[in-house]
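# Structural overview
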Amino acid sequence: MSTIHLHETTTATPEQFVAGLTDFGPGRSKLFPNSADGDLKVHDQGPNWADVTEGSRGVWERLRYDWSDPNRVVLTTTDSNTWGGASGHTYTLTPRPDGKTDVDLVTVRDGKNLKGRLLGAVIGTVGKGNLEKAFKTSVKAIETRTDGQSAAGPS
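Residues numbered from 1 in each chain as written. Predicted model: local features only at pLDDT ≥ 70, side-chain atom pairs only at ≥ 80, totals over all residues. Heavy atoms only, no water.

Within the open sheet, the 7 strands sit side by side as S1-S7-S6-S5-S4-S3-S2. Their pairing is antiparallel. Edge positions in the sheet fall to strand S1 (2–10) and strand S2 (41–46), since each of these pairs with one other strand and no more. Strand after strand, the sheet turns through a mean of 20° between neighbouring axes, direction not considered. One ladder, built from 5 bridges, connects strand S5 (residues 72–80) with strand S6 (residues 88–95); its direction is antiparallel. For Arg-72, the partnering residue across the bridge sits in S6 and is Thr-92. (Pairing = 2+ DSSP bridges. Helix = DSSP H or I, 4+ residues; strand = E, 2+ residues; numbered from the N terminus. Axes fitted to C-alpha atoms, helices over the stretch in contact; angles between N-to-C directions.)

Let's shift gears to helix H1 (residues 14–21). Residues of H1 that are buried include every one of Pro-14, Phe-17, Val-18, Gly-20 and Leu-21, and no others. Along the axis of H1, the buried positions cluster into a sector of 160°, meaning they face one direction only. (Buried < 20%, exposed > 50% of the residue type's maximum accessible area, 1.4 Å probe, protein only. Arc of directions from axis to C-beta.)

This part is about the nonpolar core. Phe-17, Tyr-65, Val-73 and Tyr-91 are the most contacted members of the largest nonpolar core, which totals 28 residues. Those elements that place two or more of their residues in this core are S1, H1, strand S3 (49–56), strand S4 (59–69), S5, S6, strand S7 (101–109) and helix H4 (128–152). Broken down by element, this core gets its largest block of residues, 5 residues, from H4. When near neighbours in sequence (up to four residues on either side) are disregarded, Tyr-65 contacts Leu-21, Thr-22, Phe-24, Arg-28, Asn-48, Trp-49, Ala-50, Val-52, Glu-54, Val-73, Val-74 and Leu-75. (Core = buried A, V, L, I, M, F, W, Y, C linked by side-chain atoms within 4.5 Å. Contact = heavy atoms within 4.5 Å.)

Bringing the pairing of S4 into the picture now. Bridging between S3 and S4 involves 8 bridges; their strand directions are antiparallel. Its bridge partner lying in S4, Glu-54 is registered against Glu-61. Where S3 folds back onto S4 in an antiparallel hairpin, the turn is made up of 2 residues, including Arg-57, whose phi is positive at roughly 50°. The pairing of S4 with S5 spans 7 bridges and is antiparallel. By the bridge assignment for S5, Arg-62 is matched with Asp-79.

Another point: the packing of aromatic side chains. Taken as a whole and assessed by the stated rule, the structure comprises 2 aromatic pairs. With a centroid separation of 6.0 Å and an interplanar angle of 50°, the aromatic rings of Phe-17 and Tyr-91 are classed as tilted. Residue Phe-17 is found in helix H1, and its partner Tyr-91 is found in strand S6; the two are separated by 74 residues along the sequence. For Phe-17, a relative accessible area of 1% translates into the label buried. Among the residues examined, Tyr-91 registers a relative accessible area of 8% and is labelled buried. Between Phe-24 and Tyr-65, the ring centres sit 4.9 Å apart and the planes meet at 80°, which makes this aromatic pair edge-to-face. (Phe/Tyr/Trp six-rings, centres within 6.5 Å; stacked < 30°, edge-to-face > 60°.)

Any functional reading would require information beyond the geometric quantities listed.
Here you go:
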């Protein structure tokens, strides 16, 4: 099992970051490179939760998103072709006095089969850089989306 801790600071507010993280519409792959639009399926959704299958390149997982806490979003893996056990992601959003937001991400990868165990070992070592790159891309994409919305004003 691999546990990866990542951190970024963004100009997006916690509310704006959660809005980007929980936007399951077309173009999600522009915000989250590891979530191919063709592999995205929203099974059910409520005001502060969603049941979603997403993935890319032959790895998929069904996740229960919970954003009932405005400063924490928990994604629990409920099914996957690769991940099981304690797998999932937790985003903790901490507003800063300068108006920015600290985003801490903890990703747990618990392989449920040989493919998952091998991927988990790679992600926990040499593959961590790929996760860091994807995370930075997502944070910047949410910032850009947020800046564009601010410049355009409310719709």
